[in-house]
Amino acid sequence: MRKNMIGTLLVSTILLGGLATPVFAEGEAKSTGDITFTEPTDTVEPLDPTDPTQPVEPEDPENPATGQTGPLTLDVVPNLPFGTHEIESGTKTYPVDAAKNDSPYLQVSDRRGVGADGQAQGWNVTVSVSDFLNGTQKLEGAELNFGTATSKSTPDNDSTAPQSQTITGLSSASAATPIFVADKDQGLGTWLSVYDPANITLKVPKAAAGTFTADLTWNLVAGPVA
């Protein structure tokens, strides 16, 4: 009988202890967090091709800013001064005059963000050239060649780099040719394609006296090369 009473007291103590700390059902509540992004409408300033963490100061007339605005812009295109040379017989090739432009470069900014698939949408820059003319006289057979370039960006840009393309034999007869290309999931942010002046050359089979000038047309296209 005594053992039964002790057991009953212990059970009662446990039950009473449990009732002393009752567990209540928890209610559920919800709230929201949100953020909104809009596409930029301003220009992107030219960056220093030797140090993209810095802006170009003062402005570089040989790599002029385009002033384009919006979420996808071609910010800088290079002028190509090939210098002054005495006429020589035979085909000659002349590099960009480094004393006038020591870092020819292109600059593209893609601030569109990623698409619905979570990837950058890609873009490409093409280049074409007119005849080299002195008045109405044409520099017969002149061809531009673009060798290797280096893709650069700011240190905080972790997007995959676009690719610079080599081009040989670009003339007025050539179609617009891709020269700086961001494939799908490449090229977000601001990117520079920087050339050693020696890697851009003009081949001239038949020189003539005078100054011959050509127009280069650079075209930025949304999306990778088709």
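Located above this text is the structure these notes cover.
Residues numbered from 1 in each chain as written. Predicted model: local features only at pLDDT ≥ 70, side-chain atom pairs only at ≥ 80, totals over all residues. Heavy atoms only, no water.

Enquirer: How do you make sense of the pairing of strand 15 (residues 200-204) when you look at a structure like this?
Expert: Regular strands have side chains that alternate between both faces of the sheet. Of all five residues that make up strand 15, four are buried, and the element is covered over most of its length. Pairing between strand 4 (residues 92-95) and strand 15: four bridges, direction antiparallel. Looking at strand 15, one finds that threonine 93 is bridged to lysine 203. One ladder, built from four bridges, connects strand 9 (residues 143-146) with strand 15; its direction is antiparallel. In the sheet register, leucine 144 faces strand 15, and the bridge partner there is leucine 202. (Buried < 20%, exposed > 50% of the residue type's maximum accessible area, 1.4 Å probe, protein only. Helix = DSSP H or I, 4+ residues; strand = E, 2+ residues; numbered from the N terminus. Pairing = 2+ DSSP bridges.)

Enquirer: What is the right way to look at the pattern of salt bridges in this model?
Expert: Once their charged atoms are close, side chains differing in charge can pair, the charge on each being opposite to the other. If you walk through the whole model with that rule in mind, you get five salt bridges. Residue lysine 184 pairs with aspartate 117 through a salt bridge whose shortest N-O separation is 3.2 Å. Here lysine 184, found in the loop between strand 13 (177-182) and strand 14 (189-195), pairs with aspartate 117, found in the loop between strand 5 (105-110) and strand 6 (123-129); they are 67 residues apart in sequence, far enough to count as distant. Taking relative accessible area as the criterion, lysine 184 reaches 40% and is therefore assigned partly exposed. (Salt bridge = Lys/Arg side-chain N within 4 Å of Asp/Glu carboxyl O.)

Enquirer: Quick question: what am I supposed to make of the layout of surface pockets here?
Expert: Over the atoms, a rolling probe the size of a water molecule traces out where space has been left empty. Reported here for the largest pocket is a volume of approximately 700 Å³. Looking at the largest pocket, it is lined by 27 residues, and the ones nearest its centre are Phe82, Gly83, Leu202, Thr211 and Phe212. Of the residues in the lining of the largest pocket, the class split is 17 nonpolar, seven polar and three charged. The computed volume of the second largest pocket comes to approximately 160 Å³. (1 Å grid on protein atoms, 1.4 Å probe; cavity = no way out; pocket = protein on both sides within 12 Å on 5 of 7 lines; lining within 4 Å. Points joined across faces, edges and corners; volume = space filled by probe spheres on them. Nonpolar A, V, L, I, M, F, W, Y, C, P; charged D, E, K, R; others polar.)

Enquirer: I would appreciate a short explanation of the sheet that holds strand 6 in the present structure.
Expert: One key point about sheets: their strands pair by backbone hydrogen bonds, in either a parallel or an antiparallel sense. One open sheet holds the four strands; their spatial order is 11-13-6-16, and the pairing between them is antiparallel. Two strands lie at the open edges of the sheet, namely strand 11 (163-164) and strand 16 (216-222), each paired on one side alone. Note that strand 6 and strand 13 share five bridges and pair antiparallel. By the bridge assignment for strand 13, threonine 126 is matched with proline 178.

Enquirer: Hey, could you run me through the packing of aromatic side chains in this one?
Expert: Two measures describe an aromatic ring pair: the distance that separates the ring centres and the angle between the ring planes. What the rule picks out here adds up to three aromatic pairs. Between tryptophan 123 and phenylalanine 180, the aromatic rings sit 5.2 Å apart at their centres with planes inclined by 70°, giving edge-to-face as the arrangement. With tryptophan 123 in strand 6 and phenylalanine 180 in strand 13, the pair connects residues that are 57 residues apart, well separated along the chain. When its relative accessible area of 0% is taken as the criterion, phenylalanine 180 is described as buried. Ring pairs connect the aromatic residues Phe146, Tyr195 and Trp218, which therefore count as one cluster. (Phe/Tyr/Trp six-rings, centres within 6.5 Å; stacked < 30°, edge-to-face > 60°.)

Enquirer: Would you mind showing me how to read the sheet that holds strand 9 here?
Expert: As summarised here, the arrangement of the four strands in space is 4-15-9-12, forming an open sheet in which the pairing is antiparallel. Each edge of the open sheet carries a strand with a single partner, namely strand 4 and strand 12 (167-170). Across this sheet, the average inter-strand angle for adjacent strands is 20°, counted without regard to direction. Bridge count between strand 9 and strand 12: two bridges; the pairing is antiparallel. Its bridge partner lying in strand 12, leucine 144 is registered against leucine 170. (Axes fitted to C-alpha atoms, helices over the stretch in contact; angles between N-to-C directions.)

Enquirer: Explanation requested: the side chain of asparagine 157 in the structure shown.
Expert: Mapped onto the secondary structure, asparagine 157 falls in the loop between strand 10 (149-152) and strand 11. Within the structure, the side chain of asparagine 157 is placed 2.9 Å from the side chain of serine 153, a separation counted as a polar contact. (Polar contact = N/O pair within 3.5 Å; in protein donor to acceptor, adjacent residues only side chain to side chain.)

Enquirer: Can you help me understand unusual backbone geometry in this one?
Expert: Working note: non-glycine residues mostly have negative phi, and peptide bonds are mostly trans. Residue proline 58 is reached from glutamate 57 by a cis peptide bond, and omega for that bond is -5°. Within the secondary structure, proline 58 sits in the loop between strand 2 (51-55) and strand 3 (72-76). The residue aspartate 185 is not glycine, and still its phi comes out positive at about 65°. Given a relative accessible area of 37%, aspartate 185 falls into the partly exposed group.

Function cannot be inferred from these measures alone, as they are strictly geometric.
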